[in-house]
Amino acid sequence: MDVASMEVEITSSLSASKLFKMFSDFDTIAPKVIPQTYKSITLMQGDGGIGSIKSVTFGDGTTWKQKIDAIDTSNLLVSYTLFEGDASSGIMDTATHHIKCIPSANGGSVYKHTCLIKCKVDAKITEDFINLSKESWKNTFKALESYAIDHPEIY
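Anyway, here's the lowdown on the structure attached to this text. Not measured: the values here are computed from a predicted model.

**Examining the packing of aromatic side chains**
Within the structure shown, the criterion is met by 7 aromatic pairs. A centroid spacing of 6.1 Å and a plane angle of 10° characterise the contact between F23 and F26, whose relative ring orientation is stacked. You can call F23 buried: its relative accessible area is 11%. Here F23 and Y111 contribute two aromatic rings whose centre-to-centre distance is 5.0 Å and whose plane-to-plane angle is 10°, an arrangement assigned as stacked. Highlighted residues: F23 in helix α1 (residues 16-24) and Y111 in strand β7 (residues 109-119), separated in sequence by 88 residues. Accessibility classification places F23 together with Y111 in one group, the buried group. One aromatic cluster in this structure is built from F23, F26, Y38, F58, Y111 and F141.

Printed below as a string of structure tokens:
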């Protein structure tokens, strides 16, 4: 079984706490802001906290289940694992994501997104897949950041 990891860091003018709040609202705002990427995110089991299971439907209609592994409001960190999906189902078994919002000295922050992918037997992650994934994360971040900046009454 192949294992691959990837990481993206993006500087933001938003404070780390605002960024964390934005990602805490991801399930609600992502389908509104980027419906071509996220069609819907619905809670299947739990209360939205650690151990909860969500169904993520992407813009192309493919789905994954998502389990919330950690929410650390003190360290502005969220971790979740995607599993049982038909998106990239021939390649990935699970994809564990860690998102951290790191304060910057200038009042802004750094968005750090890492992912560990466990592949299905005999499957390999290509550089193209990694590059497309990173680009998707960057585009998603920028869309959500723009939304947060445009809605200062919320963020």
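**Topic: the packing of α1 against helix α3 (residues 127-150)**
Where α1 contacts α3, the axes come no closer than 10 Å and their chain directions differ by 110°. Overall, the two elements α1 and α3 adopt an arrangement that is roughly perpendicular. Only F141, L144, E145 and A148 of α3 make contact with α1, whose side of the interface consists of L19, M22 and F23. The residue inventory of the contact of α1 with α3, partitioned by class, reads 6 nonpolar, no polar and 1 charged.

**Re the sheet that holds β7**
Strand order in the open sheet formed by 7 strands is β1-β7-β6-β5-β4-β3-β2, with antiparallel pairing between adjacent strands. Each edge of the open sheet is held by one strand with a lone partner, namely β1 (3-12) and β2 (38-45). Each adjacent strand pair in this sheet contributes to an overall mean axis angle of 20°, direction not counted. Pairing geometry for β1 and β7, over 10 bridges, is antiparallel. Bridging from a neighbouring strand, M6 pairs with C115 of β7. Across the face of the sheet, α1 comes into contact with β1, β4 (63-72), β5 (77-83), β6 (92-103) and β7 while running at roughly 150° to β6. Strands β2 and β3 (53-58) of the sheet are contacted by helix α2 (residues 26-33), whose axis makes an angle of about 155° with β2.

About the criteria used
Residues numbered from 1 in each chain as written. Predicted model: local features only at pLDDT ≥ 70, side-chain atom pairs only at ≥ 80, totals over all residues. Heavy atoms only, no water. Phe/Tyr/Trp six-rings, centres within 6.5 Å; stacked < 30°, edge-to-face > 60°. Buried < 20%, exposed > 50% of the residue type's maximum accessible area, 1.4 Å probe, protein only. Helix = DSSP H or I, 4+ residues; strand = E, 2+ residues; numbered from the N terminus. Axes fitted to C-alpha atoms, helices over the stretch in contact; angles between N-to-C directions. Parallel < 35°, antiparallel > 145°, perpendicular 65-115°, else oblique. Contact = heavy atoms within 4.5 Å. Nonpolar A, V, L, I, M, F, W, Y, C, P; charged D, E, K, R; others polar. Pairing = 2+ DSSP bridges.

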